[in-house]
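# Close look at the chain arrangement
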Amino acid sequence: MRIPCPHCGERDVHEFRYGGDASKKRPTHGSGDLKTWHDYYFLFDNPKGAHEEYWQHVLGCRQWFSLKRDVAKNEVLK
Amino acid sequence: MSTFKRLASGGMIDRTQTITFSFDGKKMTGHGGDTLASALLANDRLLVGRSFKYHRPRGIMAAGVEEPNALVSVEKRPNTPATTLQLVDGLAARSQNAWPSLKFDAGAINSLLSPIFGAGFYYKTFMGPRKKSWMFYEPFIRRAAGLGKGSYDPDPTRYDTRHMFCDCLVIGSGPAGLAAALTAARSGLRVVLAEQDFEFGGTILSQGDEATRSWRDAVLADLQEHKECRLLSSATVQGIYDGNHAVILHGNTLESLRARTIIFATGATERPLVFPNNDTPGVMLASALRTYLNRFAVSPDASVVFATNNDSAYQSAFDLSAAGVAVTVADARKTLSGDVLARAAQAGVAIFPSSGIADVLGNKSVRAVKLSGTRSVTIECDAVAMSGGWSPNVHLTSHGGVKPVYDETIAAFVPGHLPSGQHAVGAAIGIFGTLGCIADGEKAGRAVIAQLGAQPPARELARPAVAADKPYVILPVWATTLKKDKEAFVDFQSDVTAKDVRTAYQEGFRNVEHMKRFTTLGMGTDQGKTANINALAMMAELRTQTIPETGTTTFRPPFTPLTVGAIVGRSFHKHFRPIRRSPLHQWHEQNGAVFIEAGLWQRAWYYNWAGATPETAYIKEMELVRQNVGIADVSTLGKIDIQGPDAAEFLNRVYVNGFAKLPIGRARYGVMLNDDGLVLDDGTTSRIGQNQYYMTTTTAQAGEVMSWLEYLLQCHWTDLKVHVASLTDEWGGMAVSGPKSREALQLAFPGVDVSNEALPYMGVKDIQFDGVTVRLMRLSFSGELAYEVHISADYTQSLWEHILKAAEPLGIKPYGLEALASLRIEKGHVAGIELDHRNTLDDLGLGKMASKDKPYVGKELRFRENLQAPDRWSLVGLELMEPEKKLRGGSILFSSYDEIKGHGRGYVTSVTWSTELQKFIALGLYQGGLQHEGEEIVAAFPLKNEQAKLKIVSPHFIDKEGARLHA
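Residues numbered from 1 in each chain as written. Chains lettered and ligands numbered in written order. Predicted model: local features only at pLDDT ≥ 70, side-chain atom pairs only at ≥ 80, totals over all residues. Heavy atoms only, no water.

### Focus: the packing of aromatic side chains
- The tally for this structure, following the rule as stated, stands at 23 aromatic pairs over all chains.
- A ring pair is formed by Tyr-406 of chain B and Phe-413 of chain B, whose centres lie 5.1 Å apart and whose planes are at 70°; its orientation type is edge-to-face.
- Site record: aromatic cluster; members linked through ring pairs are Tyr-54 and Trp-64 of chain A together with Trp-708 and Tyr-711 of chain B.
- In this structure, Arg-653 of chain B is placed above the aromatic ring of Trp-717 of chain B, and the distance from its NZ or CZ to the ring centre is 4.9 Å. (Phe/Tyr/Trp six-rings, centres within 6.5 Å; stacked < 30°, edge-to-face > 60°. Lys NZ or Arg CZ within 6 Å of the ring centre and 35° of its normal.)

### Notes on the interface of chain A and chain B
- Listed by partner, the interface residues are 25 residues for chain A and 25 residues for chain B.
- Approximately 2,300 Å² of surface area, both sides summed, lies buried where chain A meets chain B, with 54% of it carried by carbon and sulfur atoms.
- When the buried area of chain A at its contact with chain B is split by residue, Arg-26, His-29 and Trp-64 of chain A rank highest and sum to 31% of it.
- The partner of Arg-258 of chain B in a salt bridge is Asp-12 of chain A, and the shortest N-O contact between them spans 2.1 Å.
- Put simply, chain A and chain B have twelve residue pairs in polar contact (both at pLDDT 80 or more) between them.
- Elements that contribute at least two residues to the side of chain A that touches chain B include exactly strand 3 (17-21), helix 1 (34-42) and strand 4 (50-56) of chain A.
- Top element by residues in the side of chain A that touches chain B is helix 1 of chain A. It accounts for six residues.
- Of the residues in the side of chain A that touches chain B, the class split is nine nonpolar, nine polar and seven charged. (Contact = heavy atoms within 4.5 Å. Buried area = accessible area lost by both parts, 1.4 Å probe. Salt bridge = Lys/Arg side-chain N within 4 Å of Asp/Glu carboxyl O. Polar contact = N/O pair within 3.5 Å; in protein donor to acceptor, adjacent residues only side chain to side chain. Helix = DSSP H or I, 4+ residues; strand = E, 2+ residues; numbered from the N terminus. Nonpolar A, V, L, I, M, F, W, Y, C, P; charged D, E, K, R; others polar.)

### A short note on helix 8 (residues 313-322) of chain B
All names here are of chain B.
- Within helix 8, seven of the ten residues are buried, leaving the element largely enclosed by the surrounding structure.
- Along helix 8, the residues that are buried comprise Ala-313, Tyr-314, Ser-316, Ala-317, Phe-318, Leu-320 and Ser-321.
- Positioned one or two residues after helix 8, Gly-324 has a phi angle of 95°, which is positive. (Buried < 20%, exposed > 50% of the residue type's maximum accessible area, 1.4 Å probe, protein only.)

### Describing helix 13 (residues 512-519) of chain B
Residues and elements named next belong to chain B.
- By the burial criterion, the buried members of helix 13 are Val-512, Met-515, Lys-516, Phe-518 and Thr-519.
- N-capping of helix 13 is provided by Asn-511, with a side-chain oxygen placed 2.7 Å from the backbone N of Glu-513.
- Positive phi shows up at Thr-520, right after helix 13, with a value of about 65°.

### Some details on the sheet that holds strand 20 (residues 350-352) of chain B
Residues and elements named next belong to chain B.
- Pairing within the open sheet is parallel, and its five strands lie in the order 16-24-18-19-20. Both edges of this open sheet fall to strand 16 (283-285) and strand 20, since each of them pairs with a single strand only. The mean angle between the axes of side-by-side strands here comes to 25°, regardless of whether they run parallel or antiparallel.
- Its contacts with the sheet put helix 7 (residues 286-294) on strand 16, strand 18 (303-308) and strand 24 (383-387), and the angle it makes with strand 16 is roughly 85°. (Pairing = 2+ DSSP bridges. Axes fitted to C-alpha atoms, helices over the stretch in contact; angles between N-to-C directions.)

### Things to note about the nonpolar core
- With 73 residues, the main nonpolar core has Leu-36, Ile-60, Tyr-292, Phe-306 and Val-369 of chain B as its most contacted residues.
- Every residue in contact with Tyr-292 of chain B, bar those within four places of it in the chain, is listed here: Ala-37, Ser-38, Leu-41, Ile-60, Ala-62, Ala-63, Thr-83, Met-284, Ala-297 and Val-298 of chain B. (Core = buried A, V, L, I, M, F, W, Y, C linked by side-chain atoms within 4.5 Å.)

### What to know about empty space enclosed by the protein
Residue and element names in this part refer to chain B.
- By the definition in use, this model includes seven cavities of 30 Å³ or more.
- Within this model, the largest cavity holds a volume of roughly 130 Å³.
- Contributing to the lining of the largest cavity are Thr-269, Ser-391, Pro-392, Asn-393, Val-394, His-395, Phe-413, Gly-528, Lys-529, Asn-532, Ile-533 and Phe-555.
- When contributions to the lining of the largest cavity are tallied by element, the ones reaching two or more residues are strand 25 (390-392) and helix 14 (532-542).
- A per-class count over the lining of the largest cavity returns five nonpolar, six polar and one charged. (1 Å grid on protein atoms, 1.4 Å probe; cavity = no way out; pocket = protein on both sides within 12 Å on 5 of 7 lines; lining within 4 Å. Points joined across faces, edges and corners; volume = space filled by probe spheres on them.)

### A few points about the confidence of the model for chain A
- Averaged over every residue, the pLDDT of chain A is 94; the share at 70 or more is 100%.
- Least confident of the elements in chain A is strand 6 (residues 75-76) of chain A, whose mean pLDDT is 90; most confident is strand 4 of chain A, at 97. (pLDDT = per-residue confidence, 0-100.)

### Notes on the packing of helix 5 (residues 175-186) of chain B against helix 11 (residues 434-452) of chain B
Residue and element names in this part refer to chain B.
- Two numbers describe how helix 5 lies on helix 11: the axes approach to 7 Å, and their chain directions differ by 30°. In terms of crossing hand, the pair formed by helix 5 and helix 11 is right-handed. Here Pro-175, Ala-176, Ala-179, Ala-180, Thr-183 and Ala-184 of helix 5 come into contact with helix 11, specifically with Thr-434, Cys-437, Ile-438, Gly-441, Glu-442, Gly-445, Arg-446 and Ile-449.
- Taken together, the residues that form the contact of helix 5 with helix 11 break down as eight nonpolar, four polar and two charged. (Left-handed = near helix turned anticlockwise from the far one by under 90°.)

### With respect to the packing of helix 8 of chain B against helix 9 (residues 338-347) of chain B
All names here are of chain B.
- Where helix 8 meets helix 9, the axes come as close as 10 Å, and the angle between the chain directions of the two elements is 15°. When the axes of helix 8 and helix 9 are compared, the pair comes out roughly parallel. Crossing hand, helix 8 versus helix 9: left-handed. Facing Tyr-314, Phe-318 and Ser-321 of helix 8, the residues of helix 9 in contact are Val-340, Arg-343, Ala-344 and Ala-347.
- Looking at the contact of helix 8 with helix 9 residue by residue, the classes come out as five nonpolar, one polar and one charged. (Parallel < 35°, antiparallel > 145°, perpendicular 65-115°, else oblique.)

### Topic: the side chain of Asp-681 of chain B
Residues and elements named next belong to chain B.
- In this fold, Asp-681 is placed in strand 37 (residues 679-689).
- The side chain of Asp-681 sits in the buried core without any salt bridge; Arg-824 is the nearest counter-charge, 12 Å away.
- There is a polar contact of 2.6 Å between the side chain of Asp-681 and the side chain of Thr-698.
- Sequence-distant contacts of Asp-681, that is, excluding residues within four places in its chain, are made with Gly-670, Val-671, Met-672, Thr-697, Thr-698, Gln-701, Val-705 and Leu-835. (Lys, Arg positive; Asp, Glu negative; His and termini not counted.)

### Notes on the environment of Phe-659 of chain B
All names here are of chain B.
- Relative to the helices and strands, Phe-659 is located in the loop between helix 19 (647-654) and strand 36 (667-673).
- Along the backbone, Phe-659 and Gln-17 are 642 residues apart, and their C-alpha atoms lie at a distance of 82 Å.
- In contact with Phe-659, other than residues within four places in its own chain, are Leu-651, Asn-652, Arg-668, Tyr-669, Gly-670, Thr-685 and Tyr-693.

In structure tokens form, the structure reads like this:
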């Protein structure tokens, strides 16, 4: 798989680390109760198809970014 | 009596070149362009192996990668098909699976026992009488059955890895592949043409036709003119992965190729027919005989009997007939086309319609065949040619998860609907004529050009001057109603017979995946390339289902066996993974350090001055630090520079304890959690200036913490004005520890005030030394009065040497990782081994550090119900109560009244000899933790059958009040 880094351009997936679901909004620091954080941290959809997710160009510019990927085909959608 | 011979003329071999090779020690000769298989046949060598289970004599069946029988060992590399091995001078090949010799094989007794050696036999028979019987029998069975033996020696071959890109990958260089490649290349696209054979041409090489061969030569010459086009022979595409990523074994180089588009011109594989004794040496695929004749000028001596169910076999029959071989054809079909009949009459080929082969006579080679059908006759012959029709090579098109679909008209599976950017052409989709293949390849080439927006070539490709393609007509027959089916082989390599398939059906293993595992069908090194369709068609018929309903097993990479060495490339031994070295590495090397791997790091483990073994040396080094002063390399610690107006707020968020009010010139120990409330890492952070901080992390978590901080700043807290930069590699560090460490620093930095007032415990100051910034931090990992001294990596060694020299009068010496880690155990400091991402603050005795007044990462989930349970495994100190016994890290902890069984109540994380207490002490995690302080428990190490009594104590073994730190 090749991943488009917004800073360096398209690079091999081996240069990146996966950072999980990016579709959910992190509760504001210091707000939210145990359930809010539990749901944020532990509950994820597991779609077959488009998935919004975080990646970091960890062996490159170290930029974190989100992208949409078809997880069934490993196709980057945007 | 000979059965095969080399013809005096013809073929594509180089007769001017004579190549000497040996097979099982016997010297023979062949020509340039031969494969081992063609050279063996030219030497009339039919018997080349013994079969897997029954040790039946086996010969060469095919002429390509699908070969199931003729596997040989070359230079300790087993299981290479003789049909794919290019003949080179001095090649020494050996047969496999025969003992003591190929001609007399002791294991052939299995063949007399074949009634009881059927599918599932091993599992059923050797399971009784006791549960462990299979364990007992298995090694013997594995020795009797098996293919070539691997070697324990290092592979002498040097493999490489290559990463490449192209616009269009064309797989296969038959008529369709050549046409596709040239069309795409002419538009200026970067084309890679990968051919698994050492010659380009595919089926063109097997046809004797001059016009097609000159067309091939012209296309290849044209392709060579295109500089952007790479022509790879001996290049097998082993797998196709996501995003058109092809993995190609090209000679000894594994190429990882990113192709924008792929054209699969992978051709088709001829299927054998299933009839009794169809594995006798001399029974071959019809197309293979044609290849040996036209490409290698090797032919059966005088006569061949063909068995077929389709028209394609007649091309071979007519070619052999033209070469002077007497040809008889048994055709399963009742009516044949007028064209076939007319050409057969002209060639003098006798045809028996509605016929097949009832049996093959002859043991180590074919003597005669008995025909079944309308006329039961016995015909003497040198070889048998069989054709059960053609199966398109759908393997690579299926790797991406596209299931093949069944095409009734050719009675075979073809590729399913391929994603955009992939095209399958020619025989791979069931187009079996040369002209049809060229047209199809050209069409796909143009489709690729259109997709990539390149300029299409103005003119069409030239066509060879050959007659129009003949239609391909097939009557599929499957061997379900066969008599004598226990000697009719479906999978030759795995010794699976028609009877085994029937047995699988009868015993309920009817799903193709179950049948595969029950019979071992398709599980050999050939992956059932010739076997799978016959077997699943039989199963479909037994189940009275259609073939598509029965389905295929899953095609997985690699396409042909791939040696592990090729995957590894040069990434082995020291190149297996990167090595990280501290800036002091060279000094350690030159000054008697013994190294140990810690993650990727090479760290100084102990020094020779202290002893010759780690067991003795670390104790000396510990004593040095406790009584005097030592210096240790701590450059591997994660070091992060944090700057910005919101840096204080940022640190206050990520650490559980308060950092907002940390004054300039002070350091603080901090612990950070993950969002899940479990401990991520610990370390110290110093405030260097108003907006600048210097964080250290554990060696193990340096990368993880850096990424985590970047994640929070870049993805979530984008409003914070903070920047983080890793200094781990840019800065080096050393710990100067021991009661005399202050004196040591005074000697090293005479003009600097390092008194307790000027640099108190947790004090930090940057000083200038010889014009270079040196960061002095009064931190202690050992529990003694100690300092960390950090400096740019370029100057780390000179500073280290300077301190050693300046403090020499005090007796300063270096100490290594073992002593460093042992000192901290005595002090009760947790380290990487305790911080395993499964512990809470309370588990590690750090709960009181957490702020009650401010939010911090992980605060909410830290209070999950289960993380509050009082019986969680938590940190304890342990003392060995039986001094004569050994205590090991990883020992399982049990209470004194437990049965020593299972996972216990915890485990020992770190063990050391305590120089202060003069006994073995340890840290561990124990159920309920210090609630059990004072109790006697048991440490068990079942691997060595050891048990020892321990006492639970406070993890702070020395200086509980911290008097030494503040001295």
